[in-house]
Amino acid sequence: MNRFRLSERGAERLSISVLLAPAVAVIVLLFLGGLASGFLRSLNYFPLIGLNDFNFDAYFAIFTDNGFLQSLVLTFHIAFTSTLIASILAVASALLLRPAFRGKRIVHFFFSLNLTIPHLVGAIGVLYLFQNSGLVSRIMTGLDIIQRPADFPAMVFDPWAIGIIIQYVWKEIPFIGVIVLAILLSVGEDYESVARSLGANRWQAFRQVTLPLIMPGVVSASVIVFAFTFGAFEIPYLLGRTFPAALPVLAYQSYTDVDLAARPQAMAMAMVIAFISTLLIMAYMKLSRVYIRE
Amino acid sequence: MTQVTLSGLTKIFDQKSPPAVDNLDLEIESGKLTALLGPSGCGKTTTMKMIAGLLRPTAGDILFDGDSILSIKPEERGAVMVFQNYLLFPYMNIADNIGFGLKMRKVNKKEIRSRVQDMLDLVQLPGFEDRKPNQLSGGQQQRIALARALIVQPNVLLLDEPLSNLDAHLRDEMRVLIRRIQTEMGITTVFVTHDQEEAVVLADKVALLFDGRLQQFDAPDSFYDTPNTVDIATFFGGTNFIPGYYLDGTITTDIGVFDAPNSLVPEGDAVLSIRPEAVDLGEGGENSVSGTVLSHVYAGRYARFQIRIGDIEIEAVTEPGQVKLFADGDNIPVKFDPDKIWVLGPNTAEQPAATTG
Ligand SMILES: Nc1ncnc2c1ncn2[C@@H]1O[C@H](COP(=O)(O)OP(=O)(O)OP(=O)(O)O)[C@@H](O)[C@H]1O
Ligand SMILES: [Mg+2]
C-alpha cells in the first residue's frame, strides 16, 4: 500500500514536471540564455561583428568613465527615492482607506483603474502637466503665483529627475497600496486595539504594532518596484536628461552607437544593471528580515 | 480601585439590524469580579470594547467612579482588555510582549525586565522570555496575554472569554489562577463567558445578556434559585417548569395545587419552577402528588429519575442510594418543598410546556 502510494506521488511529481517543462524552457532560454549571451558580449566576445577575444576592456572602460558613474548614481537616486516616497504614501493611503473600504471589491476597482494605465501614458501625462509650458505652470501663472510659465521650476528633463520620480510614484502607489490594504484588512484592527488598550497612543500603535505586521508586505512590494524602476527604460528616456542619463538609457545609447566597439560596453552596462539589481534586492531582503525580527 | 457604571449603553452597528447592545444599565462593583454572561452574539465583546474605549457607543454613558470617560482615549482609561484570541504580537518575543505596556509608558528597560520576570512568575511560566508566541501552547499564550495586561496594573481588567479555547483541565487551572490573581490584586474585573457554570464558579456577580439586553444582574446563586424569567431559568438549565395559575400563595396546576410562598407574580398565569435537586421522591404529605417512575440513571455521586405526573414529565436528582428504593414503573409520592418552588411569569412567546430545560 505504502509503496503504491509513493509511486503514485512520484508519478504525480513527474507529470507536474512534464507539464511545467515548456514554461521552464522558455524562461531558461529567454532569461538565462539572454543573460549568458549578454555576458559573453560584455566580455568582448561577439563573433558576428568580428570580436573574438575575451577581455574585461568594456568593464574597465565604463568604470573609469565619469559619465557612467554619474548615470549609476542618478539611476540609484531615481529608484530609491521613488520607491521610498511611493511606499510611504501607499501605506498612508492604505491606512486612510481602510475604514472606508470594508468591501474589498471597491478597493480593487479604485486601485486597478490606475494600475491598468500604461507607464507611457503616465509619462505623457507628466509631460503635459509639469513642463515649463505645461498645465500646472500655466495655472500657476494664471493665479499669479509665478510671473511667466518659464519661471516654473524645471521638473521635466531636470537634474534631479523630479518628473521621472513623480511618474513612478504616481504609478507605484496603487501597486504597493493594494498589497498593503489587503494585508491590513486580513490582519484586522484587533492587534491595534490590544496595543491601544495596553497604553499605546495612536502613533505608537501604528509604529510598534501595525507597521511591523505589514512590513513584510511593504518590503516585498517595494523590492519589486525598486527592481523595476532601476532597470526601466522608457520613463527616463522620455522625461530625463540626455546627460547624465539613467543607466538603461545610457546602455541603449551605447548599443545604438555607430561605433560597434561600444557594443561590449553597452552589454557591460546591462550586466551591471542586472548585477546591482540582484545585489540590492538581496540586501533589502536581508535588512527587512532583520527588521521584522526586531 | 474603580467602580464602573454603564448607563443606557447602546451600540448600533447598522440601522437594519437590531442594536448589538441595547440600553444597558450596569453597576460593576469596585474590586469585584463580575461575569458578563450570554450566548454567542449577544453583545459581550461589543460591551467590553466600549468600556475599553475601542468602540464608540451609539448612545449612553460609561462612568468610572462616577465620572464619564467617553471623551478619554483608550490608552488613558486604565481599562485593559484581554482578547478572546489572545493576540500576542507575533514578531515579538514573550518578554517584549509582556513588557509592551510599560515600554509605551517609557518605563526604563531595567525596570521593565524585572517586572516582566515578576509577571512570568505570577502566571507560572518562568524562563519563557525569549520564546516566540508561536512556540507556546494555547494555554500558555493565554497566560502571557494575562500577564501582558496585568503588568500595567490596570484599574479595570476586561477579560473576553479567556478560557473558551482551552481544554477542560486547563480551564479549571486558569479559573483558579485568574480568581487568585484577581483577589490578590483586587482589580475590578469583568469576565466574559458564554458558559453559565464558569460564570457561577468565578464571579461575585453575574450579568446575563440576551440579544444585547440585560436580563438579570445578581449573585450567582440567584440565577438558579430565583431567576427572573423562564428564559433565564432555561439558559441555566435543568429546571422543571409546570404552567399554572397563581393566587394567594398557592399555584394551581394540571397536576395539583402547591403551596408556593416565593413568587415573582402577585396573581395570574404563572409557571411553577423547581430544580431537580429539590424534588423529593417517596415523601408524601403536604405539597405532594403521585407519580410514576419512567426511567432512572445511576451516576455515581447522584441518581437521576424521569417521573411522569399526569400529563407532565419532570426530572428529579437524588442521593445515589435511592436507585435501590424505586424501580421503573413504580407509583410513588413526589413532593415539592414549598420553599424551593419559585413562581415565574409566563413571559415567553411560546408557553413552556412542562419540560425540563
Ligand atoms: N464591527 C462590527 N460591525 C457590524 N456588526 C458587528 C460588529 N461587531 C459585532 N457586530 C455584531 O454585533 C453583535 C454582537 O457581537 P459581539 O461580538 O459583541 O458578540 P459576543 O457576545 O461577543 O459573541 P461571542 O460569544 O460569539 O464572542 C453580533 O450580532 C455581531 O454580528
Ligand atoms: Mg465575543
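Starting from 1, residues in each chain are numbered consecutively following that chain's sequence as written. All chains are assigned letters beginning with A, and all ligands numbers beginning with 1, in the order in which they are written. Residue-level local features of this predicted model are given only where pLDDT is at least 70; pairs of side-chain atoms are given and counted only at 80 or more, and the full residue set underlies all totals for whole chains, interfaces and linings.

When its secondary structure is counted, chain B shows 9 helices and 20 strands. Projected onto the principal axes, the alpha-carbon positions of chain B cover approximately 75 × 45 × 35 Å. Counting other C-beta atoms within 10 Å of its own, a residue is labelled buried from 20 upward, exposed at 12 or fewer, and partly exposed in the gap between, with every C-beta atom placed from the backbone. Burial statistics for chain B: of 357 residues in total, 40% are counted as buried. Numbering of helices and strands runs from the N terminus; a helix is a DSSP stretch of H or I covering at least four residues, while a strand is a stretch of E covering at least two.

This next bit is on the interface of chain B and chain A. The interface is formed by 16 residues belonging to chain B together with 14 residues belonging to chain A. Every element with two or more residues in the side of chain B that touches chain A is listed here: α2 (74–77), β6 (79–82) and α3 (94–104) of chain B. If one sorts the elements of the side of chain B that touches chain A by residue count, α3(B) sits on top with 3 residues. Classification used: nonpolar for Ala, Val, Leu, Ile, Met, Phe, Trp, Tyr, Cys and Pro, charged for Asp, Glu, Lys and Arg, polar for all others including Gly. When the residues that make up the side of chain B that touches chain A are grouped by side-chain class, the tally is 12 nonpolar, 1 polar and 3 charged. By the convention adopted here, residues make contact when the C-beta atoms placed from their backbones lie within 7 Å.

Before going further, it helps to spend a moment on the domain arrangement of chain A. All names here are of chain A. Bear in mind that the domain bounds are from an automatic or database domain assignment. Taken domain by domain, chain A consists of domain 1 (1–42) and domain 2 (59–293). Domain 1 puts 5 residues into the contact, and the matching count from domain 2 is 7 residues. Taken together, the residues of the side of domain 1 that touches domain 2 break down into 2 nonpolar, 2 polar and 1 charged.

Now for the confidence of the model for chain B. A score between 0 and 100, pLDDT records how confident the predictor is in each residue. For chain B, per-residue confidence averages 91 on the pLDDT scale, and residues scoring 70 or more make up 97% of the total. Note that pLDDT drops below 50 for residues 349–357 of chain B; the model gives that stretch 22 contacts with residues more than four away or on any other chain.

All names here are of chain B. Taken in spatial order, the 5 strands make up an open sheet running β13-β12-β11-β14-β20, and their pairing is antiparallel. The open sheet terminates on both sides in strands that have one partner only, identified here as β13 (256–259) and β20 (342–344). Across the sheet, the axes of successive neighbouring strands diverge by a mean angle of 40°, strand direction being ignored. Two strands pair if DSSP finds at least two bridges between them. Fitted lines through C-alpha atoms give the axes, limited to the stretch in contact for helices. The angle between two N-to-C directions lies from 0 to 180 degrees.

A few words now on the domain arrangement of chain B. In terms of domains, chain B is made up of domain 1 (4–224) and domain 2 (241–344). The gap between the C-alpha centroids of domain 1 of chain B and domain 2 of chain B is 41 Å.

As a further point, take the site of ligand 1. Any residue whose backbone-placed C-beta atom lies within 6 Å of a molecule or strand is treated as near that molecule or strand. Phe13(B), Ala20(B), Gly38(B), Ser40(B), Gly41(B), Cys42(B), Gly43(B), Lys44(B), Thr45(B), Thr46(B) and His194(B) make up every residue found near ligand 1. Per-class residue counts for the shell around ligand 1 are 3 nonpolar, 7 polar and 1 charged.

The next thing to look at is the pairing of strand β7 (residues 156–160) of chain B. Residue and element names in this part refer to chain B. Across the 5 residues of β7, 5 count as buried, placing the element largely inside the fold. Side chains Val-156, Leu-158 and Asp-160 of β7 all project onto a buried face; the interleaved residues Leu-157 and Leu-159 project onto the opposite face, where all are buried too. Two strands pair when backbone bridges link them, and β6 and β7 are joined in this way by 4 bridges, in the parallel orientation. Counterpart to Val-80 in the pairing with β7 is Leu-157.

Once that is clear, we can look at the sheet that holds strand β2 (residues 21–28) of chain B. Residues and elements named next belong to chain B. The sheet built from 4 strands is open, its strands ordered β2-β1-β4-β5 with antiparallel pairing. Taken across any chain shown, the strands that pair with only one partner, and hence form the sheet edges, are β2 and β5 (67–68). As paired strands, strand β1 (residues 4–11) and β2 are joined by 5 bridges and run antiparallel to one another. Among the inter-strand pairings, Leu-6 is bridged to a residue of β2, identified as Leu-26. Relative to β1, helix α1 (residues 44–52) is tilted by about 120°, and along the sheet it contacts β1, β2 and β4 (59–64).

Topologically, Glu189(A) is positioned in the loop between α7 (162–187) and α8 (190–197). Separated by 35 residues in sequence, Glu189(A) and Ala154(A) place their C-alpha atoms 43 Å apart.

With that out of the way, let us pick up helix α5 (residues 138–150) of chain B. Residue and element names in this part refer to chain B. To estimate the expected span of a helix, count its residues, drop one, and scale the result by 1.5 Å. With 13 residues, α5 should reach 18 Å at 1.5 Å per residue; the first-to-last C-alpha distance of 18 Å fits that figure. A large share of α5 lies buried, amounting to 11 of its 13 residues. Regarding α5, the residues found buried are Gln-140, Gln-141, Gln-142, Arg-143, Ile-144, Ala-145, Leu-146, Ala-147, Arg-148, Ala-149 and Leu-150. Where the residues of α5 are buried, they touch β6, α3, α4 (109–122), β7 and α6 (168–185).

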